[in-house]
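# A closer look at the structure
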Amino acid sequence: MTTPATRRVAICGIGTESSTFSAHRTGYHDFTLWHDFSRYPFLRQDSGRWPEEVAGVRVEFVPILVARALPGGQVTREAYDRLESELLAGLRAAGPFDGVYLDLHGAMHVEGRDDAEAALAAAVRDVVGPGAPIAASMDLHGQVSRRFAELVDLPTAYRTAPHVDVEETRERACRLLVRALAENLDVVRSWVRLPLLLPGERTSTRLDPAAAIYARLPEIERRPGVLDASIWIGYAWADAPRSSVNILTTGTSPEAVTAATAELAGALWRSRDAFAFAMPALSPRAAIEQALSSPQRPYFVSDSGDNPTAGGSGDAAFFLSGLLSTPALAGGGKSAVWASCVDPTAVAACVAAGVGGEVTVRVGGVYSGDPPVLLKGTVHAVRPADPVGGDLAVVRAGGVHAVLTTRRKPYHLVKDLTDLDLDPWRHDLTAIKIGYLEPDLHQAAAASILALTPGGVSQDLSALPYTRLTRPIHPLDPAMPAPDLTPVLLRRSH
Ligand SMILES: [Zn+2]
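All figures in this text were calculated on a predicted structure; none of them were measured in a lab.

Basis of the calculations
- Residues numbered from 1 in each chain as written.
- Predicted model: local features only at pLDDT ≥ 70, side-chain atom pairs only at ≥ 80, totals over all residues.
- Heavy atoms only, no water.
- Helix = DSSP H or I, 4+ residues; strand = E, 2+ residues; numbered from the N terminus.
- Rg over C-alpha atoms; globule rule 2.2 N^0.38 Å.
- Contact = heavy atoms within 4.5 Å.
- Areas by Shrake-Rupley, 256 points an atom, 1.4 Å probe, with all protein chains shown as cover.
- Lys, Arg positive; Asp, Glu negative; His and termini not counted.
- Charge placed at Lys NZ, Arg CZ, Asp CG, Glu CD.
- Pairing = 2+ DSSP bridges.
- Axes fitted to C-alpha atoms, helices over the stretch in contact; angles between N-to-C directions.
- Donors = N, O, S within 2.8 Å, 3.2 Å for Na, K, Ca; no water.
- Tetrahedral: all angles 85-135°; square planar, octahedral: opposite > 155°, others 65-115°.
- Domains from an automatic or database assignment.
- Buried area = accessible area lost by both parts, 1.4 Å probe.
- Salt bridge = Lys/Arg side-chain N within 4 Å of Asp/Glu carboxyl O.
- Polar contact = N/O pair within 3.5 Å; in protein donor to acceptor, adjacent residues only side chain to side chain.
- Core = buried A, V, L, I, M, F, W, Y, C linked by side-chain atoms within 4.5 Å.
- Buried < 20%, exposed > 50% of the residue type's maximum accessible area, 1.4 Å probe, protein only.
- Phe/Tyr/Trp six-rings, centres within 6.5 Å; stacked < 30°, edge-to-face > 60°.
- Parallel < 35°, antiparallel > 145°, perpendicular 65-115°, else oblique.
- Left-handed = near helix turned anticlockwise from the far one by under 90°.
- Patch = residues over 30% accessible without salt bridge, like charges linked within 9 Å, V, L, I, M, F, W, Y side chains within 5 Å.
- Expected span 1.5 Å × (residues − 1).

Within the protein one finds 13 helices and 21 strands. On C-alpha atoms alone, the protein measures out to a radius of gyration of 24 Å, which is about the 23 Å that the 2.2 N^0.38 rule sets for 494 residues. With respect to the principal axes defined by its C-alpha atoms, the protein has extents near 75 × 50 × 40 Å. The long-range share in the protein, meaning contacts at least 24 apart out of those at least 6 apart in sequence, stands at 75%. With the model as given, the accessible surface of the protein reaches about 18500 Å², and the carbon-plus-sulfur share is 52%. Between the centroid of the 47 positive side chains of the protein and the centroid of its 55 negative side chains there is a distance of 1 Å.

Written as structure tokens, this is what we have:
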């Protein structure tokens, strides 16, 4: 019996999504670190081995370091440099490697630097050498610059927004890499940048045109000579040259990958004005009025401008002030929930007062320095030591129930609300700092609207102070000429 040839693959990556318009900063301790296989249940958990041999080759994955943080403001240089040096030291110590799997998001922004993922890919390439193929799994809100496309052989991205194919995408990236290694494939890729700035809320794959465009990918991948076709909608809230839409197809046939990329680019560009919000989008005042005048419950309102999972700071109390100044809510005739705002000082005051205690707190602006909103009311609930948000508290003022957190915390589950004695079926309006509704809320919603609130991830892109985008770009430059969408063919340079 012969021993199969073995190839060793390093798993590493640093990932988050950073708004350059948010005052929040992402530090080293905001990252969760993995040194194991738990993010990859498709690998054998005892050994990291790919479950089957491919073409008589056994592939072993070796966990080095994967770091992920909740979206937020820019990553500090200190945090990024420390993570990168830990990652590279681990890679050097455990090498040599035949390949690398990068577990990324793709829209990280490090203070004062551009194209963080390309810099990371270049540093990894320096350690592993020119011969090792690199694969990557990414968020479709990530960015694939030309430099990144030159460095990474097999990048692929989620195909759903909201993202329900996260694990599947990681598995696909690893499978592509296993195949490339086992069959010693000579991979080529076709890349194109589209000068388009699209917020995620206009590109939900629940709706056309995004649904129809993403639905073409499986057929394209079945074509001879094509391995993977992916579309990165990109990230609109980074004022950086790379912010745009990118398409990349990998395969073994230069003609097939070029044709696929060109076809997808054409379809996307022709649809550029058809991307619409997944739900009605209204001014904050109109959103409150519409929700309160409807008998439907739960009635979710997205406080979208400060959505922490898009990179908002999570400290803006703008929408709270709108709720408090609504007579029907202030008087208690109608009731509303608002989740949430990070404010550790206000939470501590609520914890000290206890449930039923009276508090007067100033809420909001902990990162931005924006003037806080005065909140005077009764402590409705307290929940200590939430693993994400730390101590949590709810203050009721009239009919308004405001959720306060010690650390930034998204509210994507009905249970997160009911755990705080807030049942969205019992309130006239449930406002969440979110964009399109994540699956659990979407399923629960009788009705939902998007409130166009200000913040670091404002949906009104034309109001954001961009200075560093590559111009012209649609829709900010309506008179721009038709762009050249000819794909660029890239090959391994070794
Ligand atoms: Zn995303």
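To continue, consider the environment of Gly266. When you line up the elements, Gly266 lands in helix α7 (residues 254–270). Residues Gly266 and Asp114, 152 residues apart in the sequence, show an inter-C-alpha distance of 28 Å.

Turning our attention to the sheet that holds strand β21 (residues 488–491). One open sheet holds the 4 strands; their spatial order is β10-β11-β9-β21, and the pairing between them is antiparallel. Where the open sheet ends on each side, the last strands, each with one partner, are β10 (226–232) and β21. Shown here is a sheet whose adjacent strand axes are inclined to one another by a mean of 20°, direction ignored. Pairing analysis gives 4 bridges linking strand β9 (residues 188–194) to β21, with the strands arranged antiparallel. In the sheet register, Trp191 faces β21, and the bridge partner there is Val488.

As a further point, take the coordination of the zinc ion. Coordination of the zinc ion by the protein is provided by Asp139 (OD), Asp139 (OD), His141 (ND1) and His163 (NE2), with metal-donor distances spanning 2.1 to 2.4 Å. Taken together, the 4 donor atoms coordinating the zinc ion and their angles of 55 to 140° define a geometry best described as irregular. The sequence motif formed by the donor residues of the zinc ion is D-x1-H-x21-H. You can see Asp139 sitting in the loop between β7 (134–138) and α3 (146–151) and its partner His163 sitting in the loop between β8 (154–157) and α4 (166–182), a full 24 residues away along the chain.

The next subject is the domain arrangement of the protein. Per the domain assignment, the segments of the protein are domain 1 (5–276 + 485–491) and domain 2 (281–458). Just the C-alpha atoms count here: the centres of domain 1 and domain 2 sit 34 Å apart. Facing 21 residues of domain 1, the contacting portion of domain 2 comprises 21 residues. Both faces considered, domain 1 and domain 2 share a buried interface measuring about 1500 Å² in area, 59% of it formed by carbon and sulfur atoms. Taken together, domain 1 and domain 2 are joined by 0 salt bridges. Scanning the region where domain 1 abuts domain 2 turns up 11 residue pairs in polar contact (both at pLDDT 80 or more).

This part covers the nonpolar core. Residues Leu91, Leu102, Val124 and Leu194 are the most contacted members of the largest nonpolar core, which totals 73 residues. Top contributing element to this core by residue count: helix α2 (residues 116–128), with 8 residues. With sequence-adjacent residues up to four places away left out, Leu91 is seen in contact with Ala10, Cys12, Ile64, Phe97, Val124, Val127 and Val128. Of all hydrophobic cores here, the second largest spans 34 residues; its members include Ala291, Phe319, Trp338 and Val373.

Right, let's talk about the packing of aromatic side chains for a bit. By the definition in use, this model includes 6 aromatic pairs. When the ring of Tyr40 is compared with that of Phe42, the centres are 6.1 Å apart and the planes differ by 70°; the resulting orientation is edge-to-face. Using a relative accessible area of 1% as the deciding quantity, one classes Tyr40 as buried. The class of Phe42 is buried, set by a relative accessible area of 11%. Here Trp50 and Phe61 contribute two aromatic rings whose centre-to-centre distance is 6.4 Å and whose plane-to-plane angle is 45°, an arrangement assigned as tilted. Of this pair, Trp50 sits in the loop between β3 (31–34) and β4 (57–69) while Phe61 sits in strand β4, and the two are 11 residues apart along the sequence. Judged by its relative accessible area of 3%, Trp50 is buried.

What follows covers the side chain of Glu17. In this structure, Glu17 sits in the loop between β1 (5–15) and β2 (18–19). Of note is the side chain of Glu17, whose polar atom sits 3.3 Å from the side chain of His105. The contact partners of Glu17, leaving out residues within four places of it in the chain, are Pro71, Gly72, His105, Ala107, His141, Tyr235, Thr309, Ala310 and Gly311.

Let's shift gears to unusual backbone geometry. The omega angle of the peptide bond from Ala161 to Pro162 is -5°, so this bond is cis rather than trans. Looking at the element boundaries, Pro162 is found in the loop between β8 and α4. Each neighbour pair has its own omega, and for Asp208 with Pro209 the value is 5°, a cis peptide bond. The backbone of Asp115 sits at a positive phi, close to 55°, despite the residue not being glycine. Turning to its location among the elements, Asp115 is positioned in the loop between β6 (99–103) and α2. Its identity is not glycine, yet Asn184 carries a phi of approximately 50°, on the positive side. Mapped onto the elements of the fold, Asn184 is located in the loop between α4 and β9.

Attention now moves to the packing of helix α1 (residues 77–94) against α2. Orientation of α1 relative to α2, taken along the N-to-C sense of each, is 25°, at an axis distance of 10 Å. By the criterion of interaxial angle, the relationship of α1 to α2 is roughly parallel. Considering the relative orientation of α1 and α2, their crossing is right-handed. Packed against α1, whose contacting residues are Tyr80, Glu84, Leu87, Leu88, Leu91 and Arg92, the element α2 presents Ala116, Ala119, Leu120, Ala123, Val124, Val127 and Val128 at the interface.

Below, the discussion takes up a nonpolar patch on the surface. A surface patch of nonpolar side chains, about 220 Å² in accessible area, is lined by Val351, Val355 and Val382. Inspection of the secondary structure puts Val382 in strand β16 (residues 373–386). For Val382, a relative accessible area of 31% puts it in the partly exposed group.

Let us look at α7. The terminal C-alpha atoms of α7 lie 24 Å apart, and with 17 residues this matches the ideal 24 Å at 1.5 Å per residue to within 8%. For α7, the set of buried residues is Pro254, Ala256, Val257, Ala260, Thr261, Leu264, Ala265, Gly266, Ala267, Leu268 and Trp269.

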